[in-house]
Amino acid sequence: MAGVLETEEQARNRFQSELEFVQCLANPNYLNFLAQRGYLREKPFVNYLKYLLYWKEPEYAKFLKYPHCLHMLELLQYEHFRKELVNAQCAKFIDEQQILHWQHYSRKRTRLQQALAEQQQQQQQQAPAHGNPASK
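Bear in mind that the values here come from a model prediction, so they are computed numbers and not experimental data.

1. Details of the packing of aromatic side chains
Two measures describe an aromatic ring pair: the distance that separates the ring centres and the angle between the ring planes. In this structure the tally under the stated criterion is twelve aromatic pairs. Their ring planes at 15 degrees and their centres at 6.2 Å tell us that Tyr 30 and Phe 33 sit as a pair that is stacked. Separated by three residues within a single helix, Tyr 30 and Phe 33 lie in helix H2 (residues 28-36), roughly one turn from each other. The class for Tyr 30 is partly exposed, based on a relative accessible area of 25%. In this structure Phe 33 comes out as partly exposed when scored by relative accessible area, which is 34%. When the centroid spacing of 5.9 Å and the interplanar angle of 25 degrees are considered together, the rings of Tyr 48 and Tyr 51 count as stacked. With Tyr 48 and Tyr 51 both in helix H3 (residues 43-51), this residue pair falls three residues apart, about one helical turn.

This is the structure we're talking about:
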C-alpha cells in the first residue's frame, strides 16, 4: 500500500490505536499474554514494535499517561527479553518492580512538594518585613 495517502480521520484513528497499544506495553501481564501466545516471536510483530519507537520522540511522548511503556517498548527490542516474558514469574517480577518504583516516586514527590511549600511559606513570611517601606 505504499503511496496511498491516509485521510485525516484514518490518521487520527491510527494515532489513537497506536497510543492505546503502546500504553498497554506498560502492563507486564499483557506482555506475558503476548509472549505466551507467540506474538513476540513473529517477525511482523517485532517489526511493528520497532516502528513504534517513534513514541519516544517528545512530540508523541507528551500524550502518554504511562511512561513505563516506553521503557518496556525499548526492552521489547531485545529478543532475550521477549523470550523471558513467556515466564509468568518474569512478568510478576516486573510488576513488583513497577509498584516499588511508583511507591518510591510517590513518597519522594510528596517530600519534595512539602519542602517546596515550606520554602515558599518562609519566603512569604520574610517578604513583608523586607518589602514594607514603613519598617525601614
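Structure shown, so let's carry the discussion forward.
2. Observations regarding the pattern of salt bridges
Enumeration over the complete set of coordinates arrives at five salt bridges. Residue Glu 6 pairs with Arg 14 through a salt bridge whose shortest N-O separation is 2.8 Å. Owing to a relative accessible area of 36%, Glu 6 belongs among the partly exposed residues under this scheme. By relative accessible area, Arg 14 is classed as partly exposed at 34%.

3. Points about the side chain of Arg 82
Note on placement: Arg 82 falls in helix H6 (residues 79-84). We note that Arg 82 is buried and unpaired, the nearest opposite charge coming from Glu 79 at a distance of 5.0 Å. Polar side-chain contacts of Arg 82 include one of 2.8 Å to the backbone oxygen of Leu 76. In this view, Arg 82 contacts Ala 35, Leu 40, Val 46, Leu 76 and Gln 77; residues no more than four positions away in its chain are not counted.

4. Some thoughts on H2
Within H2, burial applies to Pro 28, Leu 31, Asn 32, Leu 34 and Ala 35. One face of H2 carries all of its buried residues, which in axial projection span an arc of 160 degrees. For H2, the capping residue at the N-terminal end is Asn 27, with a side-chain oxygen 2.8 Å from the backbone nitrogen of Asn 29. A positive backbone phi angle near 85 degrees is found at Gly 38, which sits one or two residues after H2.

5. Quick notes on the confidence of the model for the chain
Per-residue confidence for the chain averages 86 on the pLDDT scale, and 87% of its residues sit at or above 70. Predicted confidence in the chain is weakest over helix H7 (residues 88-131), with a mean pLDDT of 76, and strongest over H3, with 97.

Cut-offs and rules
- Throughout, residues of each chain are indexed from 1 in the direction in which the sequence is written.
- Note on the predicted model: pLDDT of at least 70 is required for a residue's local features to be given, and 80 or more for side-chain atom pairs to be given and counted; whole-chain, interface and lining totals, by contrast, use all residues.
- Only hydrogens and water are set aside; all other atoms, that is, all heavy atoms of the structure, feed into the side-chain values.
- Aromatic pairing here means that ring centres of Phe, Tyr or Trp (its six-membered ring) are within 6.5 Å. Orientation follows from the plane angle: under 30 degrees is stacked, over 60 is edge-to-face, and everything else is tilted.
- Secondary structure elements are defined from DSSP: runs of H or I of at least 4 residues count as helices, runs of E of at least 2 residues count as strands, and each element is numbered from the N terminus.
- When a residue's accessible area, from a 1.4 Å probe over protein chains only, is under 20% of the maximum for its type it is buried; when over 50% it is exposed; and in between it is partly exposed.
- Throughout this description, the term salt bridge denotes a Lys or Arg side-chain nitrogen within 4 Å of a carboxyl oxygen of Asp or Glu.
- Counting rule applied: Lys, Arg positive; Asp, Glu negative; His and chain ends not counted.
- In protein, a polar contact requires one atom able to donate a hydrogen and another able to accept it; more generally it is a pair of N or O atoms within 3.5 Å, and residues adjacent in sequence count only if both atoms are side-chain atoms.
- Whether two residues are in contact is decided by their heavy atoms: any pair within 4.5 Å suffices.
- Read the arc as the range of directions from the helix axis to the C-beta atoms.
- What pLDDT expresses is the predictor's confidence in each residue, scored from 0 to 100.

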